Amino acid sequence: MEIFELLKQDHDEAKALLTQICESEDGKERGELFKELRKKLLAHAHAEQKVLYEPMKKQEETKDIALEAVVEHEVVERLVEDLSRSRSRDSDAWLARATVLKETLEHHIKEEEGEMFEKARSVFDGKTLEKMAEQIQKAKERELKKAA
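Residues numbered from 1 in each chain as written. Predicted model: local features only at pLDDT ≥ 70, side-chain atom pairs only at ≥ 80, totals over all residues. Heavy atoms only, no water.

## A look at helix α1 (residues 3-23)
It helps to recall that an α-helix has 3.6 residues per turn; residues three or four apart then point in one direction.
Part 1 of the argument: A rise of 1.5 Å per residue sets the reference length of α1, with its 21 residues, at 30 Å; its end C-alpha atoms lie 30 Å apart and thus fit the reference within 8%.
Part 2 of the argument: Those residues of α1 not exposed but buried are Ile-3, Phe-4, Leu-6, Leu-7, Asp-10, His-11, Ala-14, Leu-17, Leu-18, Ile-21 and Cys-22. Seen along its axis, α1 keeps its buried residues to an arc of 155 degrees; they face one direction.
Part 3 of the argument: At its buried positions, α1 is contacted by α2 (27-57), α4 (92-123) and α5 (126-147). (Helix = DSSP H or I, 4+ residues; strand = E, 2+ residues; numbered from the N terminus. Expected span 1.5 Å × (residues − 1). Buried < 20%, exposed > 50% of the residue type's maximum accessible area, 1.4 Å probe, protein only. Arc of directions from axis to C-beta. Contact = heavy atoms within 4.5 Å.)

Okay, here's the thing in structure tokens:
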């Protein structure tokens, strides 16, 4: 499987979890869904930065978009940590912050799956992208083990 297919699967899962979180009216359910989202989202982000963004930052054609994506990941991680610290998952304020996370993440994913993936395909050959797919799977597994 190609790296971009793996990343898209993760993106789809994160968007679905965030939709469930934002549509839920039950604080306990939100908390359980958020715990799953946090673990998977952070594992994905850390693996993606290491395996995809770092090599992209070394290429002139992809450097700027990779640097922007790193900053977007930092914003997402800050929102995730803010939501993690708050225990009142049934409050309007918590839901508002989760909604901002959802919107921020959707914006990031749209840019990534469009322009970034296209640029990455233009600078990395198929063999490199296949190797990256293997590396990202392993990196995500390591991150998930750390989170457990």
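## Observations concerning the packing of α2 against α5
Part 1 of the argument: With their axes 8 Å apart at the nearest point, α2 and α5 run at an angle of 140 degrees to one another. Note that α2 runs across α5; the crossing there is right-handed. Residues Lys-39, Lys-40, Ala-43, His-44, His-46, Ala-47, Glu-48, Lys-50, Val-51, Leu-52 and Pro-55 of α2 form the contact with α5, whose own contacting residues are Met-132, Gln-135, Ile-136, Ala-139, Lys-140, Arg-142, Glu-143, Leu-144 and Ala-147.
Part 2 of the argument: Among the residues forming the contact of α2 with α5, the class breakdown is ten nonpolar, three polar and seven charged. (Axes fitted to C-alpha atoms, helices over the stretch in contact; angles between N-to-C directions. Left-handed = near helix turned anticlockwise from the far one by under 90°. Nonpolar A, V, L, I, M, F, W, Y, C, P; charged D, E, K, R; others polar.)

## Quick look at the nonpolar core
Nonpolar side chains tend toward joint burial in soluble globular proteins.
Part 1 of the argument: The biggest cluster of nonpolar side chains holds 22 residues, and the ones touching the most others in it are Ile-3, Leu-52, Met-56, Met-116, Met-132 and Ile-136.
Part 2 of the argument: Breaking this core down by element, the ones donating at least two residues are α1, α2, α3 (63-85), α4 and α5.
Part 3 of the argument: Sequence-distant contacts of Ile-3, defined by excluding residues within four places in its chain, comprise Val-51, Leu-52, Leu-129, Met-132, Ala-133 and Ile-136.
Part 4 of the argument: Grouped together as the second largest cluster of nonpolar side chains are 19 residues, Leu-37, Ala-98, Leu-105 and Ile-109 included. (Core = buried A, V, L, I, M, F, W, Y, C linked by side-chain atoms within 4.5 Å.)

## Notes on the side chain of Thr-62
Part 1 of the argument: Here Thr-62 lies in the loop between α2 and α3.
Part 2 of the argument: Overall, the relative accessible area of 0% leaves Thr-62 in the buried class.
Part 3 of the argument: Residues within four places of Thr-62 in sequence aside, it is in contact with Met-56, Lys-119, Ala-120 and Val-123.

## Focus: the environment of Lys-145
Part 1 of the argument: In this fold, Lys-145 is placed in helix α5.
Part 2 of the argument: Judged by relative accessible area, Lys-145 falls into the exposed class, the value being 68%.
Part 3 of the argument: It is 9.2 Å that separates the C-alpha atoms of Lys-145 and Ala-43, two residues lying 102 residues apart in sequence.

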